[in-house]
Amino acid sequence: MIRNAELFERACRTIPGGVNSPVRAFRSVGGTPPFIERAAGPYTWDADKKQYIDYVGSWGPAILGHAHPEVIRAVQEAAVNGLSFGAPTEAEIELAEMLVHRLPSIEQVRLVSSGTEATMSAIRLARGYTGRAKIIKFEGCYHGHADSLLVKAGSGLLTFGNPTSAGVPPEFTSHTLVLDYNDIAGVEAAFKQYGDEIACVIVEPVAGNMNLVQPVTGFLQALRDQCTRHGAVLIFDEVMTGFRVGPQGVQGRTGIVPDLTTLAKVIGGGMPIGAFGGRRDIMAHIAPLGGVYQAGTLSGNPVAVAAGLTTLRLLAEPGFYEKLEAQTGKLVQGLRAAAASAGVPFSADHVGGMFGLYFRDTVPTTLAEVSASDTAAFNKFFHAALVRGVSFAPSAFEAGFVSIAHDDDVIARTVAIAGEAFAELNP
Ligand SMILES: NCC(=O)CCC(=O)O
């Protein structure tokens, strides 16, 4: 860890906290984050040449494994033709067509450069379309770092104990109603009180920013029903779950159709991209057609689009999601068994290529249950795995990600290492 430690110290001099995104800083688990030099398949290597089996996957995009040769080639080929034009391209039409073709709820789509841009644009659009101000979000869900969404949020805000960000005037969030995830009665009560003032509900249809929390039976349907009844827009934030939990995201798994969907991560194959799309009559309100303004110098960036197109093509290969789900299932099963034989209270869950690890006896369905898990045990386990060469997300409040490159051997080695890490908890 010599070179890593030097780099971290150097980074901290010029970059706040030494990182360009807070969740990378190991703030809750302690210690020095590895500085990554390169990555390939299921592995990353740090500045001290140490290899890790990686379950962060760049926080979701690396579904094919890192540096997939075909994606790298597509990026190289696109780059020689110019990095950015600020003008339309044929490739961006292809990506839009592919998204519209693959996700039946999306009739039109606009490309942006990040998940944050996608969610903040979708909310502005929902407000412009309905002429209403209030939005509903759920505690522990994270929808990027736009002002109105930084209330009781998940991800780094939850991890570091400041779920509502400073720097956001209360007036900016006075229209944000925050409800409990999976609380159907709470949703019905909010619509009963404010029904004709609610522009939209935005939800992670499988939550991945408060660890992994699945929707209980009826929750997403209740959101759909209430939005339909009261003329509000239902936004599925599938930035994390899109093309990750299945070929059509959570909407494909559940059959529940949102009005708008936000995407990012996997659709850029590791390059910066985001997208929001949905019903044509709603999308028609965006400039230059309508009065809701939304724009971006790098939107539809040709290099990012090339990476995204190639990634999405590879995901369409027969059996891809069956294999991804099977590998993730093997990991979760193996970890459960390893914890049981070490006598550590532990549970785990997965949806497609996303998983949650919980230092408690049962899989949680609420943020309160996630928060009541043994985070000290998680931190100890995390470091015991990391020193042995397995890199999980550095927080008890984040989901993990498996790629198609995590083959049986990689999973078996992970489970063996996890067994040693669990044993450290119960010496
Ligand atoms: N759950 C965390 C993310 O998905 C985003 C990563 C970041 O904030 O850097």
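As a convention, each chain's residues are numbered from 1 in the sequence order in which they are written. Where local features are concerned, this predicted model is filtered to residues with pLDDT of at least 70; where side-chain atom pairs are given and counted, the filter is 80 or more; whole-chain, interface and lining totals use all residues.

A. How the structure looks around the overall build of the protein. To qualify as a helix, a DSSP run of H or I must reach at least 4 residues; to qualify as a strand, a run of E must reach at least 2; elements of each kind are numbered from the N terminus. Helix and strand content of the protein: 15 helices and 14 strands. For a compact globule of 427 residues, the expected C-alpha radius of gyration is about 22 Å, and the protein comes in at 21 Å, within 12% of that figure. Based on the C-alpha atoms only, the size of the protein along its principal axes is roughly 60 × 55 × 45 Å. Whether a residue is buried, exposed or partly exposed follows from its count of other C-beta atoms within 10 Å of its own C-beta, namely 20 or more, 12 or fewer, or something in between, respectively; the C-beta atoms are built from the backbone. Looking at the protein as a whole, 52% of its 427 residues are labelled buried. Just to be clear, the radius of gyration here is over C-alpha atoms, and the globule rule we use is 2.2 Å times residues to the power 0.38.

B. Examining the packing of helix 3 (residues 90-102) against helix 11 (residues 302-315) more closely. With axes taken as lines fitted to C-alpha atoms, and helix axes fitted only over the stretch in contact, angles between N-to-C directions fall between 0 and 180 degrees. Following both chains from N to C, one finds helix 3 and helix 11 inclined at 40 degrees, their axes separated by 9 Å at the closest point. The angle between helix 3 and helix 11 places the two elements in the oblique class. Here helix 3 and helix 11 pass one another in a crossing that is left-handed. In contact with Ala 91, Glu 92, Glu 94, Leu 95 and Met 98 of helix 3, helix 11 contributes Pro 302, Val 305, Ala 306, Gly 308, Leu 309 and Leu 312. When its residues are assigned to classes, the contact of helix 3 with helix 11 shows eight nonpolar, one polar and two charged. Convention used here: angles under 35 degrees read as roughly parallel, angles over 145 as roughly antiparallel, angles from 65 to 115 as roughly perpendicular, and any remaining angle as oblique. In this scheme the crossing of two helices becomes right-handed for a clockwise turn of the near helix relative to the far one and left-handed for an anticlockwise turn of less than a right angle. Here, residue contact means that the backbone-derived C-beta atoms of the two residues sit within 7 Å. Polar here means any residue outside two lists: the nonpolar Ala, Val, Leu, Ile, Met, Phe, Trp, Tyr, Cys and Pro, and the charged Asp, Glu, Lys and Arg; Gly therefore counts as polar.

C. Highlighting the sheet that holds strand 1 (residues 36-40). The sheet built from four strands is open, its strands ordered 1-2-3-13 with mixed pairing. Of all the strands in the sheet, just strand 1 and strand 13 (390-391) have a single pairing partner and so form its edges. Of the strand pairs in this sheet, strand 1 and strand 2 (residues 43-46) are connected by four bridges, and their pairing is antiparallel. Across the sheet, the residue bridging to Arg 38 is Trp 45, located in strand 2. Should DSSP find at least two bridges between two strands, the strands are taken to pair.

D. Just the UniProt feature "modified residue: N6-(pyridoxal phosphate)lysine" (unreviewed entry) in the protein, in detail. UniProt positions are given in the numbering used here, feature names are shortened, and annotations may be inferred rather than shown by experiment. UniProt feature "modified residue: N6-(pyridoxal phosphate)lysine" (unreviewed entry): in the numbering of this structure it lies at Lys 265. Here Lys 265 lies in the loop between strand 9 (260-264) and strand 10 (274-278). In this structure Lys 265 touches Gly 60, Pro 61, Gly 115, Val 239 and Met 240, once residues within four positions along its chain are discounted.

E. Local environment of the site of the ligand. If you check the shell around the ligand, you find Ser 21, Val 23, Trp 59, Ser 155, Gly 156, Asn 209, Met 240 and Glu 398 and nothing else. Class assignment of the residues belonging to the shell around the ligand gives a composition of three nonpolar, four polar and one charged. What makes a residue near a molecule or strand is its C-beta atom, placed from the backbone, lying within 6 Å of it.

F. Structural detail: the sheet that holds strand 12 (residues 354-358). Reading across from one edge, 11-12-14 is the order of the three strands in this open sheet, with antiparallel pairing throughout. The two strands at the open ends of the sheet, each matched to only one other strand, are strand 11 (347-351) and strand 14 (400-401). Two elements, strand 11 and strand 12, share five bridges in a ladder whose sense is antiparallel. Paired with Ala 348 across the strands is Leu 357, a residue of strand 12. Across the sheet, helix 12 (residues 320-342) touches strand 11 and strand 12, and the angle it forms with strand 11 is around 175 degrees.

G. Representation of the nonpolar core within the structure. Linking buried Ala, Val, Leu, Ile, Met, Phe, Trp, Tyr and Cys residues through C-beta atoms within 7 Å yields a set, and such a set is a nonpolar core. In this structure, Ala 126, Cys 200, Val 201, Leu 223, Val 233, Ile 235 and Ala 275 are the most contacted members of the largest nonpolar core, which totals 128 residues. Here this core takes eight residues from helix 11, the largest share from any one element. How far each domain reaches was decided by an automatic or database domain assignment. Of the residues that make up this core, three or more belong to each of domain 1 (2-67 + 318-425) and domain 2 (69-315). Look past the residues within four positions of Leu 223 in its chain and what remains in contact with it is Val 187, Val 201, Val 203 and Leu 234.

H. The arrangement of the domain arrangement of the protein in detail. Domain boundaries in the protein define domain 1 (2-67 + 318-425) and domain 2 (69-315). Distance between the C-alpha centres of domain 1 and domain 2: 25 Å. Tallying the contact residues gives 31 residues for domain 1 and 36 residues for domain 2. Among the elements that make up the side of domain 1 that touches domain 2, the one with the highest residue count is strand 12 (four residues). Partitioned by chemical class, the residues of the side of domain 1 that touches domain 2 number 19 nonpolar, nine polar and three charged.

I. Representation of the environment of Ser 373 in the model. In this fold, Ser 373 is placed in the loop between helix 13 (367-371) and helix 14 (375-387). Taking the C-alpha atoms as reference, Ser 373 lies 6.6 Å from Tyr 358; in sequence the two are 15 residues apart. For Ser 373, the residues in contact, after removing those within four places along its chain, are Tyr 358, Phe 359, Arg 360 and Ala 396.

J. Quick peek at the environment of Val 112. In this fold, Val 112 is placed in strand 4 (residues 108-112). Considering only alpha carbons, one finds Val 112 and Asn 301, 189 residues apart in sequence, at a separation of 8.6 Å. Not counting chain neighbours up to four residues away, the residues in contact with Val 112 comprise Glu 117, Ala 118, Ser 121, Gly 274, Ala 275, Phe 276, Gly 296 and Ser 299.

K. Spotlight on unusual backbone geometry. Omega for the peptide link from Ala 287 to Pro 288 comes to 10 degrees, which places this bond in the cis form. Among the structural elements, Pro 288 can be located in the loop between helix 10 (280-283) and helix 11. The phi torsion at Ser 58 lies on the positive side, around 60 degrees, for a residue other than glycine. Tracing the backbone through its elements, the reader meets Ser 58 in the loop between strand 3 (51-54) and helix 2 (69-79). Taking the C-beta count within 10 Å as the criterion, Ser 58 has 17 such neighbours and is therefore assigned partly exposed. For Asn 182, which is not glycine, the phi torsion reads 70 degrees and is therefore positive. Asn 182 gets classed as buried once you count the C-beta atoms within 10 Å, which come to 22.

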